[in-house]
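Chain residues, written in single-letter form:
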Amino acid sequence: MSRWAAPVAGVVASAVLTGLIWLLGRRLDDVALLPDQGAAWYYWKLPEPTVWTRLSAWAGYAAHQIAFWWMIYYAQTRVRRHVTGLHPINVVALAVNAGFVALHVLQTHLFYDGLAQDVSIFSSQGSVILLLVVVLVMENRRRGMFLGRPAPIGREVVDLARRYHGYLFSWAAVYTFWYHPAESTTGHLIGFFYMFLLLVQGSLFLTRAHTGRWWTLTLELTVVVHGTLVALMTSGPDGMWPMFLFGFLGVFVITQMHGLGLSRPVRGLLAACYGGSLLAVYAVRGDLWGAAGEAVRIPAIEYALAGILALLTWAGLRAARRVRGRPRRAGVR
């Protein structure tokens, strides 16, 4: 089996599942919701939740999360080798994730509410941001952090992120998926398609496809499409969509494109296209000064979080070594 067969099939399956949510979406038109109350308010939740609406969402999420974590643990402890095709546990993981997607769609149409009824909207957004930041740390040695040059992050920090990232990434995807009811607005559909791709990636552990540089870059860049389109739909053409477009593309120019084996002229051309597009868009908007502030906001946040995460991980590892190496007191067992 080609290493591309599973990702391609995963993209097709993700599109089919997204289409299923769209087809069933009209059945939710009669659900009464409260008026929108601002940026910190999640609109798609019941005005009067019940024990059963809450239990259906949290029980479904917990079962999905535990099952995914168990499969990752099984692969790390029992399989432990990479293959070009798929291990049997990969097939199981893909089927289990598809089953839980179908379960959440059914749960939405029976009970509607997702996890959003009980947790902040920023927790859902933050989980995906954390995922992207951990990828920056994981890939620091291979592609660097700034224009191909690695940040001073210790090998043990990167190794720890590589060893355990599957648990964190599966949580980010599963939590965000169950956070939302299976609504069929354009923003939801784009987000669900992205989450399905992440679930596919998470199911391909210990395969060559899982580490394919073009496939993983596609997953990183999908957030550009999602963030830009959602911002455009919610705030209109005069809104903050350029911040998401040029912010996430800025990370691509600064970091991500340097892990693809592209020649220096090609990378220079991509950087020039990025800079020219940025200036053109903000010139049309009559806000060239705003370009400086908006375009650097997302990269600055991601790189700052990557540094903080690396520092905290290093401190934690150092503290753990000291605890393990501390001599026992006499008479204490």
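Note that the structure is a prediction, hence the values are computed from the model and not measured. (Residues numbered from 1 in each chain as written. Predicted model: local features only at pLDDT ≥ 70, side-chain atom pairs only at ≥ 80, totals over all residues. Heavy atoms only, no water.)

### Some words on the overall build of the protein
And then number 1: Looking only at helices and strands, the protein features eleven helices and zero strands.
And then number 2: The linear arrangement of helices and strands in the protein, starting from the amino end, is α-α-α-α-α-α-α-α-α-α-α.
And then number 3: The C-alpha radius of gyration of the protein comes to 22 Å, within 12% of the 20 Å expected for a compact globule of 333 residues.
And then number 4: The buried share among the 333 residues of the protein stands at 44%. (Helix = DSSP H or I, 4+ residues; strand = E, 2+ residues; numbered from the N terminus. Rg over C-alpha atoms; globule rule 2.2 N^0.38 Å. Buried < 20%, exposed > 50% of the residue type's maximum accessible area, 1.4 Å probe, protein only.)

### Some points on the pattern of salt bridges
And then number 1: In total, this model carries six salt bridges according to the counting rule given.
And then number 2: As a salt-bridge pair, E139 and R142 come within 2.9 Å of each other at their nearest N and O atoms.
And then number 3: Between R141 and D159 there is a salt bridge, and its shortest N-O distance comes to 3.3 Å. Residue R141 is found in helix α5 (residues 140–143), and its partner D159 is found in helix α6 (residues 155–179); the two are separated by 18 residues along the sequence.
And then number 4: Here D159 falls in the partly exposed class, since its relative accessible area comes to 27%.
And then number 5: One salt-bridge network, held together by shared partners, links E139, R142 and R162. (Salt bridge = Lys/Arg side-chain N within 4 Å of Asp/Glu carboxyl O.)

### Brief notes about the packing of helix α9 (residues 241–254) against helix α10 (residues 264–284)
And then number 1: One can describe the packing of α9 onto α10 by two numbers: an axis separation of 11 Å at closest approach and a directional angle of 165°. Of the possible angle classes, the one that applies to α9 and α10 is roughly antiparallel. Here the hand of the crossing between α9 and α10 comes out left-handed. Between α9 and α10, the contacting residues are W241, P242, M243, F246, L249, G250, F252 and V253 on the first element and L270, A271, Y274, S277, L278, V281 and Y282 on the second.
And then number 2: Split into classes, the residues belonging to the contact of α9 with α10 amount to 13 nonpolar, two polar and no charged. (Axes fitted to C-alpha atoms, helices over the stretch in contact; angles between N-to-C directions. Parallel < 35°, antiparallel > 145°, perpendicular 65-115°, else oblique. Left-handed = near helix turned anticlockwise from the far one by under 90°. Contact = heavy atoms within 4.5 Å. Nonpolar A, V, L, I, M, F, W, Y, C, P; charged D, E, K, R; others polar.)

### Some details on unusual backbone geometry
And then number 1: Positive phi is not limited to glycine here, since R80 has a value of about 60°.
And then number 2: Tracing the backbone shows R80 in the loop between α2 (51–79) and α3 (88–111).

### Description of helix α11 (residues 288–325)
Side chains three or four residues apart in an α-helix point the same way, a direct result of the helix having 3.6 residues per turn.
And then number 1: Counted at 1.5 Å a residue, the expected span for α11 with its 38 residues is 56 Å, and the 56 Å between its end C-alpha atoms agrees.
And then number 2: Along its length, α11 reaches its greatest deviation from straightness, about 40°, at R297, and the proline P299 lies no more than four positions downstream.
And then number 3: Within α11 the residues assigned to the buried category are G290, A291, E294, A295, I298, P299, E302, Y303, A306, A310, T313 and L317.
And then number 4: The elements touched by buried residues of α11 are α4 (121–138), α6, α9 and α10. (Expected span 1.5 Å × (residues − 1). Bend = angle between axes of the 7 residues up to and from the residue.)

### Digging into helix α7 (residues 186–203)
And then number 1: With 18 residues, α7 ought to run about 26 Å at 1.5 Å a step, and its terminal C-alpha atoms sit 26 Å apart, in line with that.
And then number 2: Counting buried residues along α7, 15 of its 18 residues qualify, which places the element largely inside the surrounding structure.

### Observations concerning the packing of helix α8 (residues 213–235) against α9
And then number 1: Taken N-terminus to C-terminus, the directions of α8 and α9 make an angle of 165°; their axes are 7 Å apart at the nearest point. It follows from the interaxial angle that α8 and α9 lie roughly antiparallel. The element α8 and its partner α9 pack so that their crossing is left-handed. In this structure, α8 uses L217, L221, V223, V224, G227, T228, A231 and L232 to contact α9, whose residues at the interface are W241, F244, L245, F248, L249 and F252.
And then number 2: Taken together, the residues of the contact of α8 with α9 sort by class into twelve nonpolar, two polar and no charged.

### Notes on the environment of V251
And then number 1: Structurally, V251 can be placed in helix α9.
And then number 2: Spatially, the C-alpha atom of V251 lies 32 Å from that of M71, the residues being 180 residues apart in sequence.
And then number 3: Setting aside its immediate chain neighbours within four residues, V251 contacts L136, Q256, P299, E302 and Y303.

### Focus on the packing of aromatic side chains
The relative placement of two aromatic rings is captured by the distance of their centres and the angle of their planes.
And then number 1: In the structure shown here, the tally under the stated rule is 16 aromatic pairs.
And then number 2: Measuring from centroid to centroid gives 6.5 Å for Y164 and Y167, while their planes differ by 35°, and the two rings are tilted. Remark: Y167 and Y164 occur in helix α6; sequence separation between them is three residues, near one turn of the helix.
And then number 3: Ring centres of F192 and F196 lie 6.2 Å apart, and the angle between their planes is 15°; this geometry places the pair in the stacked category. Placement of both F192 and F196 in helix α7 is noted, with a separation of four residues, approximately one turn of the helix.
And then number 4: A residue is classified by how much of its surface remains accessible, and F192, at 2% relative accessible area, is buried. (Phe/Tyr/Trp six-rings, centres within 6.5 Å; stacked < 30°, edge-to-face > 60°.)

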